[in-house]
Every structure is written in structure tokens, then in C-alpha cells.
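# An overview of the molecular structure
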Amino acid sequence: MIPRIRFAHLPTLVEAMPRLSAALGGPQLLVKRDDQTGLAFGGNKTRKLEFLLAEAQAQSARTLITAGAVQSNHCRQTAAAAARFGFECLLVLTGEEPTSPSGNMLLDRLFGAQIVWAGEAGREGTLQQVFRHAQEAGQRPYLIPYGGSSPSGAAAYAYALQELIEQGVRPDWIIFATSSGGTQAGLVAGARCFGFQGHILGISIDEPAPVLRERVAELARRTADLIGENASFSADDILVNADYLGGGYGVMGSGEQEALHLFARQEGLLLDPVYTGRAAAGLIDLVRQGFFSPNEMVLFWHTGGGPALFADRYREMLLR
Ligand SMILES: *Cc1c(COP(=O)(O)O)cnc(C)c1O
């Protein structure tokens with residue numbers, strides 16, 4: 001067994017979205033509610049952190065260090081988990097300190113995380129520097145990679161797929177937002193290890209498809225290895241659609257706007273402007289293109305992100 005601290009609210013519910021299906025004239029649509037994983041407004045990083053914090057504890061770490069964008073959901077959930085289990089938390093965020101903290105970043109502060117601003121260019125360099133400095137200062141740091149996408153973080157999503165199977169839900173398609181690739185690698189590894197036949201299609205948020213397919217294949221192999229299965233994956237095994245990158249990471253466009261409105265007004269469900277809004281925009285477009293056949297079952301795996309709805313920069317777009 002891989003070390004794990006159990007604090008996520010699991011299993012997350014699977015719900016039908018009949019009004020959205022009808023509005024789109026599409027296949028049967030379901031949603032898996034990983035926006036409700038129970039830690040500080042939830043999200044997919046909470047599952048990963050169950051394994052990452054166990055690893056940090058096993059190494060007698062005292063400080064969690066990770067990095068992300070200003071509105072990083074990963075950083076917010078890491079800061080909350082650190083507080084809950086008595087770690088210090090150091091976050092390296094891209095850019096300059098905003099004049100008024102909002103959304104996820106405001107919550108980072110509330111959880112007592114220390115924030116280091118990396119400017120526009122050197123986030124990776126700053127992260128390494130912060131880590132070395134913490135080591136030298138005797139803070140016993142544990143480095144969590146971007147998005148928590150190490151093999152142990154990704155393993156959480158192999159077990160999440162097992163959880164879905166145990167819920168008796170066997171969709172033809174699983175659709176979700178993919179970025180650092182850990183969620184997809186875990187799902188793909190879980191499908192192989194636990195026997196799932198459906199298609200697992202990631203909608204890319206910010207990376208070209210070939211880059212993600214290579215990355216996910218390699219991470220899926222290492223993840224399967226960690227959970228005790230010798231399995232190999234090639235880029236050809238990994239389904240990624242990068243048609244919805246729009247104006248780039250974090251830029252909300254008309255696709256995200258429509259998706260947020262549709263989910264809110266047909267199902268009373270909240271998406272976020274950066275990840276799930278973009279993935280849902282892809283799902284909606286694929287339904288309209290007739291990509292799915294009418295008798296298929298399509299599951300949208302909701303990965304969270306809600307607090308970004310309260311980031312100052314999206315207010316205008318949300319109200320239009
Ligand atoms: C991090 C994140 C993702 C992407 O997950 P990866 O495992 O990094 O690919 C998707 N949705 C939300 C809301 C996220 O915060």
C-alpha cells in the first residue's frame with residue numbers, strides 16, 4: 001500500500017445533468033463532483049494531497065513548498081492541507097503581488113501560507129532557490145511539483161477511477177480539464193489496473209496535445225509501477241484535445257463564458273473560468289459537432305476551481 005492520509009470526502013457523488021443534456025440535444029451527461037472533495041472548497045488536488053502529505057510525513061518534512069499561478073487551486077488546497085496537518089507552507093506564485101488579493105490567493109493568505117513572488121520569467125528558478133534556502137535554514141522542506149503531478153500524486157486518480165467503477169458507473173467517455181497531467185495519468189493508469197474500457201479524453205488547458213500525450217504516457221507508466229502494475233503506455237494511448245486553448249492560460253473567452261452560464265442555468269452547477277469552464281466549453285462543442293453518439297454516456301469529471309470565480313479579473317466577463 002502507498003502511504004495515504006485520508007481526509008478527502010470520498011466517494012464524491014456522480015450526478016445526472018438531464019437539463020443540460022436536453023438543452024444541448026446530446027447524449028446522456030453525468031458529472032463526478034470532485035469539486036466537492038471537502039477541503040477548502042475542494043478540487044482535484046485534494047485527492048493528490050492525501051498521498052503527497054503522507055509522503056512528506058514519511059520523510060519527516062516540516063514545510064511544504066510548491067508553485068503555481070496567482071489563482072492556483074493547487075496552491076490553495078496545499079496551503080489548507082498544510083494548515084490542517086501542521087506543516088509550514090511556502091508558495092512560489094507567478095507574477096507580481098496584486099494590489100488587492102482575491103479568489104484563491106486571498107485564501108492562501110488566510111491559511112497562513114508564505115508567498116514568494118517570482119515575477120514573469122523565473123518561476124522554476126525561484127522555486128529551486130526557495131527550496132535550497134529552506135533546506136539550509138533547517139526547515140525540512142518537501143517539494144510538491146506543479147499541480148501535485150508526481151507518481152504518488154497521480155496515484156490518487158488511479159484510485160479515483162477504481163472508486164468510479166465501484167459506484168457502478170461505466171461511462172463511454174470521461175471528459176475533464178488536463179494541464180500538468182497528473183489527473184489524466186492517474187485515470188489512465190487506473191483504467192489499465194482496474195479494468196475500465198471507456199475513453200478518457202483530456203481537454204488541454206494550456207499545452208499542445210503532443211507535449212501532454214508524451215508527459216501523461218510517461219507519468220501513467222510510473223504511476224502504474226507505483227501501485228504495483230507493470231504497464232507501459234505510449235503517447236498514442238493518451239487522448240488529448242487541444243482545440244480550446246483560446247487566448248492562453250487563465251484568459252476567459254466566449255467559450256468559457258457560455259459554459260459557465262449553461263452549467264449554472266441548466267443545472268445550478270458552478271464551473272471555474274480557467275479549467276472546468278474551458279473543459280466544459282470543449283465538451284459542449286464536441287456534443288454540438290456530433291462527436292458522441294446519442295446513446296453514449298458521457299461523464300464530465302468536475303475538477304473544482306470555484307474560488308477563481310471570485311478573482312477580480314473575471315468579474316466583468318461573468319456578469320455579461
Ligand atoms: C489543477 C487543475 C486541473 C488540472 O489537473 P492536472 O492534474 O494538473 O492535469 C483541472 N482543473 C482544476 C480546477 C485544477 O485546479
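To start, this report covers the structure provided alongside it. (Residues numbered from 1 in each chain as written. Predicted model: local features only at pLDDT ≥ 70, side-chain atom pairs only at ≥ 80, totals over all residues. Heavy atoms only, no water.)

### Quick look at the overall build of the protein chain
Quick reminder of the rule: Strands are runs of DSSP state E lasting at least two residues, helices are runs of H or I lasting at least four, and both sets are numbered from the N terminus onward. Note on classification: 1.4 Å probe, protein chains only; a residue is buried when its accessible area is under 20% of the maximum for its type, exposed when over 50%, partly exposed between these limits. By definition, residues are in contact when any of their heavy atoms lie within 4.5 Å.
In terms of helices and strands, the protein chain carries 11 helices and 10 strands. Along the longest, intermediate and shortest principal axes, the C-alpha atoms of the protein chain span 60 × 50 × 35 Å. Across the 320 residues in the protein chain, those meeting the buried criterion constitute 58%. By sequence separation, contacts in the protein chain at least 24 residues apart represent 77% of the contacts at least 6 residues apart.

### Remarks on the pairing of strand E8 (residues 199–204)
Here is the rule we go by: Note on pairing: two strands pair once DSSP finds at least 2 bridges between them. By definition, the crossover connecting two strands over a helix is right-handed if that path, from the first strand to the second, turns clockwise as seen with the strands pointing away from the viewer.
Extensive coverage of E8 is indicated by the burial of 5 of its 6 residues. Summarising the sheet, strand E7 (residues 173–178) and E8 pair through 6 bridges and their orientation is parallel. Opposite Ile 174, over in E8, you have Ile 200 as the bridge partner. Between the parallel pair E7 and E8, the chain is carried across by helix H7 (residues 182–194), and the sense of this crossover is right-handed. Where E8 meets strand E9 (residues 239–241), 3 bridges bridge the pair, whose relative direction is parallel. Bridge pairing links Gly 202 to Val 240 in E9. Remark: the E8/helix H8 (residues 209–226)/E9 crossover connection has right-handed handedness.

### Focus on the packing of helix H6 (residues 151–166) against H8
Put simply, the rule is: What counts as an axis is a line fitted to C-alpha atoms, over the stretch in contact for a helix, and the angles between N-to-C directions run from 0 to 180 degrees. Note on terminology: angles under 35 degrees are roughly parallel, angles over 145 are roughly antiparallel, angles of 65 to 115 are roughly perpendicular, and the others are oblique. Classification used: nonpolar for Ala, Val, Leu, Ile, Met, Phe, Trp, Tyr, Cys and Pro, charged for Asp, Glu, Lys and Arg, polar for all others including Gly.
Running from N to C, H6 and H8 point in directions that differ by 80°, and their axes come no closer than 9 Å. By the angle between their axes, H6 is roughly perpendicular relative to H8. Where H6 abuts H8, its residues Pro 151, Ser 152, Ala 154 and Ala 155 lie against Leu 219, Arg 222, Thr 223 and Leu 226. Partitioned by chemical class, the residues of the contact of H6 with H8 number 5 nonpolar, 2 polar and 1 charged.

### Structural notes on the sheet that holds strand E10 (residues 297–302)
Strands sit in the order E1-E2-E10-E7-E8-E9 across an open sheet of 6 strands; the sheet is mixed. The open sheet has two edge strands with one neighbour each: strand E1 (14–16) and E9. Each strand of the sheet is rotated relative to its neighbour by a mean of 30°, with strand direction disregarded. As defined by bridge partners, strand E2 (residues 28–33) adjoins E10 across 6 bridges and the pair is classed as parallel. Bridge pairing links Val 31 to Phe 300 in E10. The strands touched by H6 are E1, E2, E7 and E10; relative to E10, the strand with the most contacts, the crossing angle is about 135°. The sheet contacts of helix H10 (residues 276–289) involve E2, E7, E8, E9 and E10, and relative to E10 the element is tilted by about 165°.

### Let's talk about the packing of aromatic side chains
Note the cut-off: Any two of the Phe, Tyr and Trp rings considered here, Trp counted by its six-membered ring, make a pair once their centres fall within 6.5 Å; the pair's planes then place it as stacked at under 30 degrees, edge-to-face at over 60, or tilted in between.
Tallied over the entire structure, the rule returns 9 aromatic pairs. When the centroid spacing of 5.1 Å and the interplanar angle of 45° are considered together, the rings of Phe 7 and Phe 85 count as tilted. With a gap of 78 residues between them, Phe 7 in the segment before E1 and Phe 85 in helix H3 (residues 73–85) connect regions that are remote in the sequence. Residue class for Phe 7 comes out buried when judged on its relative accessible area of 3%. Aromatic side chains Tyr 157 and Trp 301 sit 5.9 Å apart centroid to centroid with 65° between the ring planes, which places their arrangement in the edge-to-face category. Taken together, the positions of Tyr 157 in helix H6 and Trp 301 in strand E10 put the pair 144 residues apart, joining distant regions of the chain. On the basis of relative accessibility, which here comes to 0%, the residue Tyr 157 falls in the buried class.

From the geometry alone we can't say anything about function, so treat these as descriptive.
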